[in-house]
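An overview of the molecular structure
If you want the building blocks of each chain, they are given just below.
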Amino acid sequence: GLVSPTVREFKNASVNLNSKKSYFLSESGVEDALYRIINNITIGTSENLTLDSNSATTIITTNGGTKQITSLGDVKSLQRKTSVILSTSVGISFNYGVQIGAGGLEMSNNSTVIGNVYSNGPIIGSNNGVKIGGDAFSAGTMGKIEDVQDIDGNATAHYLEDVSVDGSTNSASLLRATVGGNAVSDSIANCTVGGNATYDTKASCTIGGTQTTPNPTNFQDPTSESLPVSDGQLDAWEAEASSGGVIGSQIYSDTSNSLGPKKVSGDLILDNNAVLTVTGTLWVTGQIKLSNGSIIELAPSYGASSGVVLAGIQGDTSAGYIEIDNNSEARGSGTAGSYLMLLSQRNNSSSTAIKTSNNGASAILYAGSGVVEVDNNAQLKEVTAYKLKLKNGSDVTYESGLANANFSSGPSGGYSIESWKEVE
């Protein structure tokens, strides 16, 4: 009568102990994989971890902007399974519809930016309907905003000449301008100011509000701002692409294909309504061309994360040309907040790195060391470049989500844990 309950309790205790061992073994497999991923230590898609003569099998799957780690612990055929989902993303802030380096911004023929513009060089219009639908900044002692017919927000630059500003202005020199709000400047001439004016010298100006002279504080030039993508991030994206292997040039015409992560040693050409679905970071060492209704887009698995396709080689002055033409598109996953960035690494301040024209549409264009040319009604969400040329009705419409764009990153990128739980 005593032996049977004792043996049964002993068996139950043994099963309970081995089940707990299996659970902690499963947790150890997850923690080992998580440590390797976060610290950029090589790890395969399947790993076995042995502790106390028992094993845990860990499976790692990558799906767009997420990684899932699943670990199965097994102690004397008693199995427990744990799953962790990581968000493999790095935040990059695009705080302006257009951000330009020292090369500056050129606008002509009814081109428009709906959003703020920050330039480390001059902002020059053409007296033909160009518009900035936000604030405009031109940094440095040689900073200038000139011949822009409509600035909806405020304008700040060392020199403001031949401009019409709905908001207020702050400058060292304000010349031939119409200002709807207040004007603060060391020198104003041939101007109409709807609000108050603060200045040291004035010539031929009409002031609607009060006037204060002399200007109690000298004008302070806006400081230059660094472009948002670092060399380290470029290295990480290149490593992420290369982890999927290296292939030769890819040419698609009137077909649907998927690709990524991959390093393309050569060119990527899409023509005649071809569709390429990006399933991981792509690095194209040559040029990228989209024409005649072609589409390059992120896979739906990216969800709200964004992705990047790079062209060229860091430091190279000729490789990395990108062209989007004739109703072609570059777009995100279809989920709100997802964007595809086409990034040229061409290091050449005098030749075009990215050109989009003839109704071409793209989310983000980036050429930190090159020139971007937007022509003939092309439409974009954000542009960052050393120099930008907007022509012939082209349009950049900024979306606020870009201030927190999360890009699928390489092994050295940041990771956040979305969930950690036992699943079996």
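Residues numbered from 1 in each chain as written. Predicted model: local features only at pLDDT ≥ 70, side-chain atom pairs only at ≥ 80, totals over all residues. Heavy atoms only, no water.

Quick look at the overall build of the chain
Check the secondary structure of the chain and you find 2 helices and 39 strands. Taken along its principal axes, the extent of the C-alpha atoms in the chain is 115 × 50 × 30 Å. Buried positions account for 48% of the 424 residues belonging to the chain. Carbon and sulfur atoms form 46% of the exposed surface of the chain, whose accessible area is close to 17600 Å². Of the side chains in the chain, 24 bear a positive and 40 a negative charge, and the two mean positions are spaced by 10 Å. (Helix = DSSP H or I, 4+ residues; strand = E, 2+ residues; numbered from the N terminus. Buried < 20%, exposed > 50% of the residue type's maximum accessible area, 1.4 Å probe, protein only. Areas by Shrake-Rupley, 256 points an atom, 1.4 Å probe, with all protein chains shown as cover. Lys, Arg positive; Asp, Glu negative; His and termini not counted. Charge placed at Lys NZ, Arg CZ, Asp CG, Glu CD.)

Some details on the pattern of salt bridges
Considering all chains together, one arrives at 8 salt bridges under this definition. A salt bridge links Arg80 to Glu422, with the shortest nitrogen-to-oxygen separation between them at 2.3 Å. In this pair, Arg80 sits in strand 4 (residues 78-92) while Glu422 sits in strand 39 (residues 415-422), placing the two residues 342 residues apart along the sequence. Put simply, Lys144 and Glu146 hold a salt bridge, and the shortest N to O gap is 3.6 Å. Judged by its relative accessible area of 19%, Glu146 falls in the buried class. One salt-bridge network, in which partners are shared between bridges, spans Glu297, Glu329 and Arg331. (Salt bridge = Lys/Arg side-chain N within 4 Å of Asp/Glu carboxyl O.)

Topic: the pairing of strand 30 (residues 307-311)
Of all 5 residues that make up strand 30, 5 are buried, and the element is covered over most of its length. Taking every second residue as pointing to the same face, both faces of strand 30 are buried, with Gly307, Val309 and Ala311 on one and Val308 and Leu310 on the other. Note: strand 27 (residues 282-284) against strand 30, 3 bridges, orientation parallel. Counterpart to Val284 in the pairing with strand 30 is Ala311. Where strand 30 meets strand 33 (residues 340-344), 5 bridges bridge the pair, whose relative direction is parallel. Bridging across to strand 33, Leu310 finds its partner in Leu343. (Pairing = 2+ DSSP bridges.)

Considering helix 2 (residues 231-242)
Here helix 2 spans 16 Å end to end across 12 residues, near enough to the 16 Å set by a 1.5 Å rise per residue. Three or more residues of helix 2 are buried, namely Gln233, Leu234, Ala236, Trp237, Glu238, Glu240 and Ala241. (Expected span 1.5 Å × (residues − 1).)

Comments concerning the packing of aromatic side chains
Counting across every chain of the model gives 3 aromatic pairs. Here Tyr96 and Tyr118 contribute two aromatic rings whose centre-to-centre distance is 5.2 Å and whose plane-to-plane angle is 45 degrees, an arrangement assigned as tilted. Of the two residues, Tyr96 is situated in the loop between strand 4 and strand 5 (98-107) and Tyr118 in strand 7 (residues 117-119); the sequence distance between them amounts to 22 residues. Judged by its relative accessible area of 13%, Tyr96 falls in the buried class. (Phe/Tyr/Trp six-rings, centres within 6.5 Å; stacked < 30°, edge-to-face > 60°.)

Some words on unusual backbone geometry
Put simply, Thr213 and Pro214 share a cis peptide bond, and its omega is 0 degrees. Along the chain, Pro214 turns up in the loop between strand 20 (211-212) and helix 2. Geometrically, the link from Gly260 to Pro261 is a cis peptide bond, its omega value of -10 degrees lying close to zero. Its identity as a non-glycine residue notwithstanding, Ser204 has a phi of 55 degrees, on the positive side. Mapped onto the fold, Ser204 is located in the loop between strand 18 (201-203) and strand 19 (206-207). Residue classification places Ser204 among the exposed residues on the basis of a relative accessible area of 62%.

Concerning the side chain of Ser294
Counting through the fold element by element, Ser294 comes out in the loop between strand 28 (288-290) and strand 29 (295-298). If we ignore the near neighbours within four places in the chain, the residues touching Ser294 are Leu270, Asp271, Asn272, Asn273, Ala274, Ser328 and Glu329. (Contact = heavy atoms within 4.5 Å.)

Some words on the nonpolar core
With 65 residues, the main nonpolar core has Ile145, Ile296, Val372 and Leu388 as its most contacted residues. When residues of this core are assigned to their parent elements, the largest contribution, 5 residues, is made by strand 36 (residues 379-390). In contact with Leu388, other than residues within four places in its own chain, are Val98, Ile100, Gly104, Leu105, Glu106, Val372, Val374 and Val383. Of all hydrophobic cores here, the second largest spans 15 residues; its members include Phe94, Met341, Ala363 and Ile364. (Core = buried A, V, L, I, M, F, W, Y, C linked by side-chain atoms within 4.5 Å.)

Digging into the confidence of the model for the chain
Scored by pLDDT, the chain comes out at a mean of 88, with 92% of its residues at no less than 70. Across residues 409-413, where pLDDT falls below 50, the model places 16 contacts with residues more than four positions away in sequence or in other chains. (pLDDT = per-residue confidence, 0-100.)

Concerning the pairing of strand 13 (residues 159-165)
Note: strand 11 (residues 144-151) against strand 13, 5 bridges, orientation parallel. Counterpart to Ile151 in the pairing with strand 13 is Val165. Where strand 13 meets strand 14 (residues 169-179), 6 bridges bridge the pair, whose relative direction is parallel. Following the sheet pairing, Ser164 is matched in strand 14 by Thr178.

Quick word on the environment of Thr141
You can see Thr141 is positioned in the loop between strand 10 (136-138) and strand 11. Along the primary structure Thr141 and Tyr159 are separated by 18 residues, whereas in three dimensions their C-alpha atoms are 8.7 Å apart. Filtering out sequence-adjacent residues up to four positions away, Thr141 remains in contact with His158, Tyr159 and Asp221.

Quick look at the side chain of Ser138
Along the chain, Ser138 falls in strand 10. The class for Ser138 is buried, based on a relative accessible area of 0%. A polar contact of 2.9 Å, which involves the side chain of Ser138, links it to the backbone nitrogen of Lys144. Not counting residues up to four positions away in its chain, the partners in contact with Ser138 are Ser119, Gly121, Pro122, Ile123, Gly143, Lys144, Ile145, Thr156, Ala157, His158 and Pro222. (Polar contact = N/O pair within 3.5 Å; in protein donor to acceptor, adjacent residues only side chain to side chain.)

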